[in-house]
Amino acid sequence: MRIILLGPPGAGKGTQAKVIEDKHKAIQLSTGEILRAAVAAETELGLKAKDIMARGDLVPDDVMIGIVRDRLGEDDVKTGFILDGFPRTVAQAEALEGLLDELDMKLDAVVEIQVDEGILIGRIEKRATETDGGPRADDNVESLKKRLAVYREQTAPLITFYQGRGSLKSVDGMAAVDDVTREIEEVLGV
Ligand code: ADP
């Protein structure tokens, strides 16, 4: 299975990616997690990304595309992958098409997790209290507002982009976690 999960911060992409990873032998590729690991390890990438992430902006496309190119070239993704947090811009989506062509891989679907924006602040505040090792630097209201604005301006256009490719499926992300998983499996036919 090769899919992209699309949706605003707090939609449940990471939660669903982990469930699907366990059940369907596809690797979760979370660009947010890759970046947070780099920040924690204080690598060159981490030092570059730290402040950008904390304020809720996007890390530059060329940096992100390089990360995903390297990751998709690794052996463990050959059985399948769930992209969580990438692509986030049209430029990233176009670059991904090129990368997948080079690797002779085809996407099965892009799953959009639809949620009402009004609930996102509450969800993220809750996540901030539940995260092991303390809240993420960007799980606060100010950064979340910025991330939502960035989502609307730069990531939401991907919905139309993938509709045009005929690969978009939408699910209701307001339902309980198990129900969302079931709906994703249903639209994917797995
Ligand atoms: P969420 O979806 O909850 O906002 P993520 O863990 O996916 O969080 O991403 C956290 C942050 O990492 C983003 O706000 C952004 O700064 C950075 N980031 C992650 N993926 C990308 C990407 N594909 N392009 C640019 N920046 C990214």
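This write-up is about the structure you can find in this document. (Residues numbered from 1 in each chain as written. Predicted model: local features only at pLDDT ≥ 70, side-chain atom pairs only at ≥ 80, totals over all residues. Heavy atoms only, no water.)

Side note on the site of the ligand
- Around the ligand, a shell composed of 19 residues is seen, among which Thr31, Arg36, Asp57, Gly85 and Gln92 lie nearest.
- In the environment of the ligand, a nitrogen atom lies 3.1 Å from a nitrogen or oxygen atom belonging to the side chain of Arg88.
- Arg127 is positioned with one of its side-chain polar atoms (N or O) 3.2 Å from an oxygen atom of the ligand.
- With four residues, helix 2 (residues 31-40) is the single largest residue contributor to the shell around the ligand.
- The residue makeup of the shell around the ligand, split by class, is seven nonpolar, four polar and eight charged. (Near = heavy atom within 4 Å. Polar contact = N/O pair within 3.5 Å; in protein donor to acceptor, adjacent residues only side chain to side chain. Helix = DSSP H or I, 4+ residues; strand = E, 2+ residues; numbered from the N terminus. Nonpolar A, V, L, I, M, F, W, Y, C, P; charged D, E, K, R; others polar.)

Thoughts on the packing of helix 2 against helix 3 (residues 44-54)
- In the contact formed by helix 2 and helix 3, the axes pass within 8 Å of each other and the chain directions differ by 115 degrees. The pairing of helix 2 with helix 3 is recorded here as roughly perpendicular in orientation. For the pair helix 2 and helix 3, the crossing hand works out as left-handed. Of helix 3, the residues touching helix 2 (which contributes Gly32, Leu35, Arg36, Ala38 and Val39) are Leu45, Gly46, Ala49, Lys50 and Met53.
- Here the residues of the contact of helix 2 with helix 3 are counted per class, giving six nonpolar, two polar and two charged. (Axes fitted to C-alpha atoms, helices over the stretch in contact; angles between N-to-C directions. Parallel < 35°, antiparallel > 145°, perpendicular 65-115°, else oblique. Left-handed = near helix turned anticlockwise from the far one by under 90°. Contact = heavy atoms within 4.5 Å.)

Focus on the layout of surface pockets
- One number sums up the size of the second largest pocket: a volume of about 270 Å³.
- Forming the boundary of the second largest pocket are Ala93, Leu96, Glu97, Leu100, Asp101, Met105, Lys106, Leu107, Tyr162, Arg165 and Ser167.
- Split by residue class, the lining of the second largest pocket holds six nonpolar, one polar and four charged. (1 Å grid on protein atoms, 1.4 Å probe; cavity = no way out; pocket = protein on both sides within 12 Å on 5 of 7 lines; lining within 4 Å. Points joined across faces, edges and corners; volume = space filled by probe spheres on them.)

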